[in-house]
Amino acid sequence: MDKNREVKIIAVVALLVAVVGLSVAYAALSTTLEISGSATINSASWDVGFVKGSHTTTGGATFVEPTVSSTSITGYSAKLTMPGDSVTYNFKITNQGSIPATLGTVNIGSISCTGTDSAEAAATCANLTYSVTYADGTAIKVGDALAVGVTKDAKITITFNAAATTVPANPVTVNGMDVTLIYNQA
Amino acid sequence: MNTKNDKKKSKGYWLLFLLCIVLGSLMFVTVSYTVGSTVLKIVGFNTTQVVSWDIRINNISTNTIGRAKVREGEVSNTMIKDYSVNFSVPGDTFTMTFDIVNKGTLNARLDHFSMGKLNCTYRDGRDASDYCKNIYYVVEYANGNNIQVGDILDAGQNRKVKVTLKYYEDALPLWNDIVNIDDLDISFIFGQK
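Anyway, here's the lowdown on the structure attached to this text.

Here is what the cut-offs are and how they apply
- Residues numbered from 1 in each chain as written.
- Chains lettered and ligands numbered in written order.
- Predicted model: local features only at pLDDT ≥ 70, side-chain atom pairs only at ≥ 80, totals over all residues.
- Heavy atoms only, no water.
- Helix = DSSP H or I, 4+ residues; strand = E, 2+ residues; numbered from the N terminus.
- Buried < 20%, exposed > 50% of the residue type's maximum accessible area, 1.4 Å probe, protein only.
- Contact = heavy atoms within 4.5 Å.
- Areas by Shrake-Rupley, 256 points an atom, 1.4 Å probe, with all protein chains shown as cover.
- Pairing = 2+ DSSP bridges.
- Axes fitted to C-alpha atoms, helices over the stretch in contact; angles between N-to-C directions.

For the rest of this paragraph, the subject is the overall build of chain A. Looking only at helices and strands, chain A has two helices and 14 strands in total. Taking all 186 residues of chain A together, the buried fraction comes to 32%. Considering only contacts within chain A whose residues lie at least 6 apart along the sequence, 74% involve residues at least 24 apart. When the accessible surface of chain A is summed, it comes to about 9,800 Å², and 57% of that surface belongs to carbon and sulfur atoms.

Now the structure itself:
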């Protein structure tokens with residue numbers, strides 16, 4: 001009886017060994033490739049503003065650079081002395097936020113001239129050309145889109161028309177050159 | 001009588017024992033044959049055949065569109081660990097490609113494939129699964145075919161896999177919060193064909 005029991009035990013052990021052998025054989029030929037990762041979505045940001053530019057002049061024109069912040073260009077001045085003189089101030093409007101923008105309001109002033117001689121000032125104004133446009137000359141208008149990451153080049157130009165035949169005897173101050181652009185979320 | 005039966009039983013057990021030993025030996029021979037990294041088998045007069053098992057990742061490459069940023073994580077032959085992607089604006093996109101290469105001499109079969117389901121939470125831990133509907137996530141072969149259990153990777157063959165994570169362009173901006181996305185994990189288990 002003991003002998004039989006012993007034989008049974010040996011047989012069971014042998015079976016176990018065979019099963020383990022099978023498992024080892026199965027597990028050996030297997031490779032696991034694993035990739036792990038994560039992501040983050042940042043909060044939206046609103047950042048539309050000016051970027052300082054440069055100026056060009058022709059003839060005897062002179063120019064004093066403005067003070068530029070992200071939302072204003074102030075304090076520039078131009079001096080024109082002869083027909084043909086011009087000043088162009090180039091600047092950029094940029095959307096560095098994460099939200100697309102659209103131009104909701106455009107206010108471009110109309111120039112007026114003052115001087116000790118009002119008639120002379122008015123005549124001078126008639127010989128001036130003032131414009132605020134994109135760099136390619138196209139009009140800045142309500143509805144213009146400013147997509148995320150986009151920067152648009154623009155310019156302010158004032159020209160003493162070359163065809164003018166008279167120059168003022170007294171200094172003429174040109175007013176009304178303010179520009180307001182209001183961008184909204186698209 | 002009992003003795004005779006006992007003897008018969010004993011004989012039976014011994015036969016069973018011997019059979020198990022033979023089977024077990026055969027298994028171990030098979031294991032020895034495959035676990036060993038190289039077996040030299042001389043066939044014919046001057047032919048040597050090397051048998052090996054080697055499935056690995058190779059040629060990892062990442063690309064981003066827009067303001068997406070990526071940190072590429074640790075890389076080994078069988079793992080790309082803890083890469084991370086950062087999106088800033090809708091339209092941002094991240095892609096990663098890698099080759100799965102069978103550098104061994106035994107053909108392989110894809111026995112298991114799984115990819116994560118995007119677990120999204122806001123900064124304070126709230127569920128953000130609704131916002132994650134703005135995220136496109138797919139793992140496929142680079143030729144656009146689906147990855148399926150049973151796909152074969154023959155010896156010497158490689159297949160390029162592409163992972164794409166995209167922040168939909170028409171998604172509404174995420175105001176004053178961030179969304180964390182976990183469970184971008186991918187697992188391939190290859191077995192012998």
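This part takes up the sheet that holds strand S8 (residues 101-108) of chain A. Residues and elements named next belong to chain A. Spatial ordering of the open sheet is given by S11-S8-S14, a layout of three strands whose pairing is antiparallel. Every other strand in the sheet has two partners, leaving strand S11 (145-146) and strand S14 (179-185) as the edge strands with one partner each. As paired elements, S8 and S11 share two bridges and run antiparallel to each other. Within the sheet, the bridge partner assigned to Thr102 lies in S11 and is Ala145.

Here we take up the sheet that holds strand S10 (residues 135-141) of chain B. Residue and element names in this part refer to chain B. Reading across the sheet, the four strands line up as S3-S7-S12-S10 and stay open at both edges, with antiparallel pairing between neighbours. A single partner strand is all that each edge strand has here, and the edge strands are strand S3 (55-65) and S10. When the angles between neighbouring strand axes are averaged without regard to direction, this sheet yields 10°. Inspection of the sheet shows strand S7 (residues 93-102) paired to strand S12 (residues 158-167) by nine bridges, in the antiparallel sense. Residue pairing in the sheet places Thr97 in a bridge with Lys162 of S12.

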